[in-house]
Amino acid sequence: ADDAEVYITGSDRKDVHVSIYRNAKRSGWSFGRGEFRVDVEEKGGDLYIDEKKEGSLFVVGYQKEEYEIRIEAPHGVSLKIDGDDDDYEVTNIHGDIDMDIDDGDIRLTNCHGDNFNFRVDDGDIFMNGGKGRLKVRSDDGDLEVLNGTFDDIDIRLDDGGIVLATALSDEGSYYLLTDDGSINLEVLGGGGEIDIRHDDSRISPSRAFRIVEEDESSTLLRLDDGKAKVRIRADDSRVRLTTN
C-alpha cells in the first residue's frame, strides 16, 4: 500500500475480513489520467492485498486524500507487509511479522509471535509485548519495545533512539547499535555480560551492574543472575542501563 492508515486486528474468527475506504478531494485543475484499485485475492491459502496505481494524475491546487485499510484476521496469521508511506497499527496477531516500510510509523500491541523483522527508512516503531527473535533496521526513527521476553535481538539504527525493556535469556544474543541516539536498556529478568563499545558517549548503569573493565572507548559490565551476551555499539550517544 501507499499512504494509507492500516489497522490489523487478530480475533477468534476463522476467515479474514477486509475493509478499504478511500476518498480523494481536489480543487483547482488537473491533467493526466490516474487509475487506482486494490486487488484482494486468495492464493494457496494466503491472502494478498495489493494496491495498483496506473497512469499519472497531476493536480495544481488542493488535494486531500483519506485512505484507510482495516483487516480482521485469525490470531495465528503471519504478516508480510511492503508499504511506501503508511502508518500501521497491529493488535493481537501471534504469527511472524515482517514489515518493510519506507516512510511511516508502526505500532504493535499484544503480538506474541516468535519472529519480528522490521525495515524502516524514516519512521518510529513501538511494541508492547513480544518474544523470540527481533530484528530492526532503521535509517531515521526511534524504537520503543516494552515487556519483551526476547532471546535473539539485532537492532541497528542510523539516527534514532532505542528504548528496550526485555528479559534476558541465558542462551540469548543481543546486539544494539545507534550512531546518533540514546539507548535505554531495562533488564526485566536474567542477567549476563554487557559489552559496550562507545565513542563520545556517556554510560550510566544502575547499581545492579558491576563494572568489570573500563577505558575511554569500551566498558564491560556484569549483571548477576544470568549468562546472556549483550553487545552495545554507541557513537555520540547516552547509554542508560537499569533493572526492573
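Use the structure listed above.
Everything quoted here is computed from the prediction, not taken from an experiment.

**Some words on the environment of Tyr21**
Reasoning step 1: Of note, Tyr21 is situated in strand β2 (residues 17-43).
Reasoning step 2: Classification of Tyr21 by relative accessible area gives partly exposed; the value is 43%.
Reasoning step 3: With 96 residues separating them in the primary sequence, Tyr21 and Asn117 have C-alpha atoms 28 Å apart.
Reasoning step 4: When sequence neighbours within four positions are dropped, the list of residues in contact with Tyr21 reads Glu66, Tyr67 and Glu68.

**Side note on the pairing of strand β9 (residues 125-128)**
Reasoning step 1: As paired strands, strand β7 (residues 106-109) and β9 are joined by 4 bridges and run parallel to one another. Note on β9: the bridge partner recorded for Arg107 is Phe126.
Reasoning step 2: Alignment of β9 against strand β11 (residues 143-157), held across 4 bridges, turns out to be parallel. In the strand pairing of β11, Met127 is matched with Val145.

**A few points about the pattern of salt bridges**
Reasoning step 1: Counted under the stated rule, the structure contains 17 salt bridges.
Reasoning step 2: Of the charged contacts in the structure, one is a salt bridge between Arg70 and Glu68, with a shortest N-O distance of 2.8 Å.
Reasoning step 3: A residue is classified by how much of its surface remains accessible, and Glu68, at 27% relative accessible area, is partly exposed.
Reasoning step 4: With a shortest N-O distance of 3.9 Å, Arg133 and Asp152 are connected by a salt bridge. Separated by 19 residues along the polypeptide, Arg133 in strand β10 (residues 131-138) and Asp152 in strand β11 bring together distant segments of the chain.
Reasoning step 5: Classification of Asp152 by relative accessible area gives partly exposed; the value is 30%.

**Brief notes about the nonpolar core**
Reasoning step 1: Counting residues in each nonpolar core, the largest one holds 50 residues, and the members touching the most others are Ile97, Leu108, Phe118, Leu134, Ile155 and Ile232.
Reasoning step 2: Those residues in contact with Ile155, other than ones at most four positions away along the chain, are Leu134, Val136, Leu143, Ile162, Leu164, Tyr175, Leu176 and Leu177.

**Some details on a nonpolar patch on the surface**
Reasoning step 1: The grouping of Val16, Ile20, Val40, Leu47 and Ile49 at the surface amounts to a nonpolar patch, some 340 Å² of accessible area in total.
Reasoning step 2: Going through the elements one at a time, β2 and β3 (46-74) are the ones with two or more residues in the nonpolar patch.

**Comments concerning the packing of aromatic side chains**
Reasoning step 1: Under the definition given, this model contains 2 aromatic pairs.
Reasoning step 2: An angle of 85 degrees between the planes, with centres 5.4 Å apart, marks the rings of Phe36 and Tyr67 as edge-to-face. A residue pair is termed long-range when its members are at least 10 positions apart, and Phe36 in strand β2 and Tyr67 in strand β3 qualify at 31 residues.
Reasoning step 3: By relative accessible area, Phe36 is classed as partly exposed at 27%.
Reasoning step 4: Classification of Tyr67 as buried rests on a relative accessible area of 5%.
Reasoning step 5: The residue whose ring lies beneath Lys43 is Tyr48, and the NZ or CZ to ring-centre distance is 4.7 Å.
Reasoning step 6: Between the NZ or CZ atom of Arg70 and the centre of the ring of Tyr7, over which it lies, the distance is 4.2 Å.

**Thoughts on the environment of Glu171**
Reasoning step 1: The residue Glu171 is located in the loop between β12 (162-167) and β13 (173-178) in this model.
Reasoning step 2: Spatially, the C-alpha atom of Glu171 lies 9.2 Å from that of Gly226, the residues being 55 residues apart in sequence.

**Regarding the layout of surface pockets**
Reasoning step 1: The space that makes up the largest pocket amounts to roughly 890 Å³.
Reasoning step 2: Along its surface, the largest pocket is lined by 29 residues, and Leu47, Tyr48, Ile49, Lys80 and Ile81 are the ones closest to its centre.
Reasoning step 3: Counting only elements with at least two residues in the lining of the largest pocket, the list comes to β1 (5-11), β2, β3 and β4 (79-83).
Reasoning step 4: The element that contributes the greatest number of residues to the lining of the largest pocket is β3, accounting for 11 residues.
Reasoning step 5: Tallied by class, the residues present in the lining of the largest pocket amount to 16 nonpolar, 3 polar and 10 charged.

**Looking at the side chain of Ser11**
Reasoning step 1: Along the polypeptide, Ser11 turns up in strand β1.
Reasoning step 2: A polar side-chain atom of Ser11 sits 3.3 Å from the main-chain amide nitrogen of Arg13.
Reasoning step 3: At 3.1 Å, the side chain of Ser11 and the side chain of Glu72 are in polar contact.
Reasoning step 4: Setting aside residues up to four positions removed in sequence, Ser11 forms contacts with Glu72, Ala73, Pro74 and His75.

What counts as what
One numbering rule holds for all chains: residues counted from 1, following each sequence as written. Residues qualify for local features only when their pLDDT is at least 70, as the model is predicted, and side-chain atom pairs are given and counted only at 80 or more; totals for whole chains, interfaces and linings, by contrast, use all residues. Heavy atoms throughout the structure, all of them, feed into the side-chain values; hydrogens and water do not. Secondary structure follows DSSP: runs of H or I at least 4 residues long count as helices, runs of E at least 2 residues long count as strands, and numbering of each begins at the N terminus. Partly exposed describes any residue whose relative accessible area lies between the buried limit of under 20% and the exposed limit of over 50%, with all areas from a 1.4 Å probe on protein chains only and scaled to the type maximum. Throughout, a residue-residue contact means that at least one pair of heavy atoms, one from each residue, lies within 4.5 Å. Should DSSP find at least two bridges between two strands, the strands are regarded as paired. A carboxyl oxygen of Asp or Glu within 4 Å of a side-chain nitrogen of Lys or Arg is what we treat as a salt bridge. In these notes, a set of buried Ala, Val, Leu, Ile, Met, Phe, Trp, Tyr and Cys residues joined through side-chain atoms within 4.5 Å is what counts as a nonpolar core. Patch criteria: residues need more than 30% relative accessible area and no salt bridge. Like-charged residues are merged within 9 Å; nonpolar side chains of Val, Leu, Ile, Met, Phe, Trp and Tyr are merged within 5 Å. Computed with the Shrake-Rupley method and a 1.4 Å probe, the accessible areas treat only the protein chains shown as cover for residues. Note on aromatic pairs: the rings of Phe, Tyr and Trp (six-membered ring only in Trp) are paired at centre separations within 6.5 Å, and the planes decide the class, stacked below 30 degrees, edge-to-face beyond 60, tilted for the rest. In our convention, an over-ring charge means Lys NZ or Arg CZ found within 6 Å of a ring centre and within 35 degrees of that ring's normal. A pocket here means an open set of points on a 1 Å grid, computed over the protein atoms alone, that has protein on both sides within 12 Å along at least five of seven lines. A cavity is instead a set of points where a 1.4 Å probe fits but cannot get out; residues with an atom within 4 Å of a point line either one. Grid points are joined across faces, edges and corners, and a volume is the space filled by probe spheres set on the points. Residue type decides the class: Asp, Glu, Lys and Arg count as charged, Ala, Val, Leu, Ile, Met, Phe, Trp, Tyr, Cys and Pro as nonpolar, and the leftover types, Gly among them, as polar. For the purposes of these results, a polar contact is taken to be a pair of N or O atoms within 3.5 Å, where, inside protein, one atom must be able to donate a hydrogen and its partner to accept one; residues adjacent in sequence count only when each atom of the pair is a side-chain atom.

Read these as spatial facts, not as claims about activity.
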